[in-house]
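An overview of the molecular structure
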There are 2 protein chains.
Amino acid sequence: MSVLPVSRGGAGDGTAPGAAPAPRRASTRRRLFEAAVVLIAEQGFSATTVDEIADRAGVAKGTVYYNFASKNVLYEELLRDGMDLLSGSLRRAADATVAAGGSHVGALDAMIRAGLDFIAGSPALMQLYVAELWRTNRTWRATLTSVRGRALTVVESVLHDAVAAGELSAELDISLTASALLGMVLVAALDWQSFQPDRSVEDVHAALSRLLQGRVAGGP
Amino acid sequence: MSVLPVSRGGAGDGTAPGAAPAPRRASTRRRLFEAAVVLIAEQGFSATTVDEIADRAGVAKGTVYYNFASKNVLYEELLRDGMDLLSGSLRRAADATVAAGGSHVGALDAMIRAGLDFIAGSPALMQLYVAELWRTNRTWRATLTSVRGRALTVVESVLHDAVAAGELSAELDISLTASALLGMVLVAALDWQSFQPDRSVEDVHAALSRLLQGRVAGGP
DNA sequence: ACTTTTAGACTGACCAGTCAGATCAAAGGG
DNA sequence: CCCTTTGATCTGACTGGTCAGTCTAAAAGT
């Protein structure tokens, strides 16, 4: 029996440094993530039992603890994993737009679309993110702050470039604006999924885009 | 001993139909609300125990159950109470602006300010609202849908008036825009409180106002 | 006189985390 | 080829603790 079956330090997805690409563990972990994200989004972290997660993933309870040090750790790694996907998706959307010769404002618009698509694809992840983000709770503060920072940085960098290119006013408060934009997309997307699922992505995108481009209260 | 010590039907704040304006109960209920909102915002609903709530309110556990049928009911009434305050505050801000001869877009701006002030005054309530709003969970679905609807209606009515007055384009998707605006304010305010508490309300208001008035990507 | 609060013991259910043993898959050995 | 070994992976009954909700008799408030 090994001393510590799971990742000991910080960043660990299961694959050991120089060893083989990890056998079934990866698959088991993935199934546990998938089960946990849905259940926790539905019921909340505390209300979701480890037994439920194990059941839904089709494994025994012990397996959960073989793969993750605790329920808390499972949640943290889940969060990190998922939010990294979102940040990556936003970044790619922005880069692609700029690479294709689009404006920086166009890149912002592309990020809105990418955000909507992402949330439409896996609303549960975003639900569990916003549900915990502003807790004064110490437990996951570090993890949450870190994933929030990574997503915000992407938006901020695009805003920064846009200002540098003269597309946006230099008076813009980049940090606050990035947070507001992210919030706008987040809430609109979750509201859309929960309360108006009949609307198309295009509708939602158009409404947000209009807001971004100042065609609500300012523009022509 | 009475059959059911607490409100039997739907809307009950403690004052019986024709009786006296309720003795100490009102005060006890208020203290329980105040204790619960802070604890639940910090830790989440499931992680907060009834004993903790009673302790913090300086009341015996039995008193909680004398005043509320269950932990769930306490939470629901808390939510309804608090969100009604927010809706009222938004409505008043809008009405005051229009009454003072301001534009409808000005009313929107005033609502943004009112929302920020409200959240700054009691961030806990809003934390617990967003933490539960998008849960697929059946338990409080009805309550949450209802309080969300009441707040959104206020924003939608102002948007509607603005369109009617020709201040905003008739192509505006009122429902989606209202949801996006509310989300923008909500997230910006919570982010401000949690991650940039050093910023002033004016800064945050200015950033959001700029977004609303199209001076981010569209304006002059 | 009637309502409201107290203090806290108690219960029955539920749950995170543990552990000793079962099972698997891969790499030899014959 | 089939058999054995080895370590990694998985299993599920079990433990110790926690918590919502109940109940009491008496005290306090109005």
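Reading the values: rules and limits
- Residues numbered from 1 in each chain as written.
- Chains lettered and ligands numbered in written order.
- Predicted model: local features only at pLDDT ≥ 70, side-chain atom pairs only at ≥ 80, totals over all residues.
- Heavy atoms only, no water.
- Contact = heavy atoms within 4.5 Å.
- Buried area = accessible area lost by both parts, 1.4 Å probe.
- Salt bridge = Lys/Arg side-chain N within 4 Å of Asp/Glu carboxyl O.
- Polar contact = N/O pair within 3.5 Å; in protein donor to acceptor, adjacent residues only side chain to side chain.
- Helix = DSSP H or I, 4+ residues; strand = E, 2+ residues; numbered from the N terminus.
- Near = heavy atom within 4 Å.
- Nonpolar A, V, L, I, M, F, W, Y, C, P; charged D, E, K, R; others polar.
- UniProt positions renumbered as here; feature names shortened; annotations may be inferred.

Looking at an unreviewed UniProt entry, one finds chain A named TetR family transcriptional regulator and attributed to Streptomyces kronopolitis.

1. Section: the interface of chain A and chain B
Contacts between the two partners involve 53 residues from chain A and, on the opposite side, 53 residues from chain B. At the boundary of chain A with chain B, total buried surface from both sides reaches about 4,800 Å², with 60% on carbon and sulfur atoms. Broken down residue by residue, the surface that chain A buries against chain B is led by Trp134, Leu176 and Phe195 of chain A, which jointly contribute 16%. Asp191 of chain A is the partner of Arg148 of chain B in a salt bridge, and the nearest nitrogen-oxygen pair spans 3.0 Å. Along the contact surface separating chain A from chain B lie 12 residue pairs in polar contact (both at pLDDT 80 or more). Counting only elements with at least two residues in the side of chain A that touches chain B, the list comes to helix 1 (24–43), helix 6 (123–133), helix 7 (141–164), helix 8 (174–195) and helix 9 (201–212) of chain A.

2. Things to note about the protein's contact with DNA strand C
Around DNA strand C sit 18 residues in total, of which Lys61 of chain A together with Arg25, Thr28, Thr63 and Tyr66 of chain B are the nearest. Sugar plus phosphate: this is where 67% of the atoms of DNA strand C within 4 Å of the protein reside. One nitrogen or oxygen atom from the side chain of Arg24 of chain B is found 3.2 Å from a base oxygen belonging to DNA strand C. The biggest single contributor to the surface near DNA strand C is helix 3 (residues 61–67) of chain B, with three residues. Among the residues making up the surface near DNA strand C, the classes are represented as six nonpolar, seven polar and five charged.

3. Observations regarding the UniProt feature "DNA-binding region" (unreviewed entry) in chain A
This chain's UniProt record puts "DNA-binding region" (unreviewed entry) on residues 49–68 of chain A. As a span, residues 49–68 of chain A carries 75% helix and 0% strand, and end to end its C-alpha atoms are 14 Å apart.

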